[in-house]
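# Analysis of the macromolecular model
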Amino acid sequence: MSDDREAERLCEVAASLYDRGYTHGSTGNLSVRSGDRVIVTPTGRPLKGLSPADLAQVDLAGKPLGANRPSKEAPFHLAVYRQRPEAHAVVHLHAPYSVALSCLADLDPARPLPALTPYYFMRVAPLGVVPYRRPGSDGLAAAIEAAAAKHHCLLLRNHGSVCAGASLSEAADRAEELEATARLFFVLGHEKVQGLTAADIAELGVAFPS
């Protein structure tokens, strides 16, 4: 896919996520990696209404490659790309149920969500949990870089989600699946939930290897 089409697709996916309530205001940011460059949504702008001319570009070290200012969260996008060379897109959302999950006092970092459906297991699990760090800080980027080595989907405490994928469609699908599972978790009331068994998960792992 050409850089121009990558940029157009980024704007299309960003607008779709905004329109469907996965983010609000000027929250959330998306990026795609193209060779040694990263195209990223700009700072201070809603994900709706963007055009390719609005997008920013940086190199893999974070150096700006144009006049547009990238999202302040661009450093953690770059951190994910460093840890996951197979990733070509990162989607960061402030979707309501995922954020609600990230705020639970009794959240178990080892098992933040039960495997309620096979799709959660195939697209999201294992979900990593990143301790709270100030948005835009070096500490947040460092924490995400450490966690991304083992997880392609992350839940940022009191913040939102970060999902990486081999394509923008895959990263967005993972973010949407995480939000859908978090919503199910709250709709079901956290208790008396029948999730997948260990045997079910083992069978999925054989049928759909990651």
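Scroll up to find the structure.
Source: prediction; values computed, not measured.

Taken together, 7 strands build an open sheet; the order of strands is β3-β2-β1-β4-β7-β6-β5 and the sheet is mixed. The outermost strands of the open sheet, each flanked by one partner alone, are β3 (56–59) and β5 (127–130). Strand-to-strand twist in this sheet, taken as the mean axis angle between neighbours without regard to direction, amounts to 20 degrees. Sheet analysis places strand β1 (residues 29–34) next to strand β4 (residues 89–93), joined by 4 bridges and oriented antiparallel. Of the residues in β4, the one forming a bridge with L30 is V91.

Among the secondary structure elements, S98 is positioned in helix α3 (residues 96–102). Residue classification places S98 among the buried residues on the basis of a relative accessible area of 1%. Measuring from C-alpha to C-alpha, the distance between S98 and H159 comes to 8.7 Å, with 61 residues separating the pair along the chain. Beyond its immediate chain neighbours, meaning those up to four positions away, S98 contacts L155, L178, E179 and A182.

We now examine the nonpolar core. Core analysis: the biggest nonpolar cluster contains 36 residues, and L30, V91, L101, L127 and L168 have the highest contact counts within it. Every element with two or more residues in this core is listed here: α1 (3–19), β1, β4, β5, β6 (153–156) and α6 (168–187). Ranked by the residues each element gives to this core, the list is headed by α6, at 7 residues. Dropping the residues within four chain positions of it, L127 is found in contact with P109, P112, L113, Y120, H151, C153, L154, L155 and L178.

What counts, and where the lines are drawn
- Each chain carries its own residue numbering, running from 1 in the written order of its sequence.
- Owing to the predicted nature of the model, reporting of local features is limited to residues with pLDDT of at least 70; listing and counting of side-chain atom pairs is limited to 80 or more, with chain, interface and lining totals taken over all residues.
- Think of the side-chain values as coming from all heavy atoms in the structure, minus any hydrogens and water.
- Strands are labelled as partners when DSSP assigns at least two bridges between them.
- A run of DSSP states H or I qualifies as a helix once it reaches four residues; a run of E qualifies as a strand once it reaches two. Both are numbered from the N-terminal end.
- All axes here are fitted lines through C-alpha atoms, helices being fitted over the stretch that makes contact, and every angle between N-to-C directions spans 0 to 180 degrees.
- When a residue's accessible area, from a 1.4 Å probe over protein chains only, is under 20% of the maximum for its type it is buried; when over 50% it is exposed; and in between it is partly exposed.
- The contact criterion used throughout is that any non-hydrogen atoms of two residues lie within 4.5 Å.
- Here, nonpolar core refers to any group of buried Ala, Val, Leu, Ile, Met, Phe, Trp, Tyr and Cys residues whose side-chain atoms link them within 4.5 Å.

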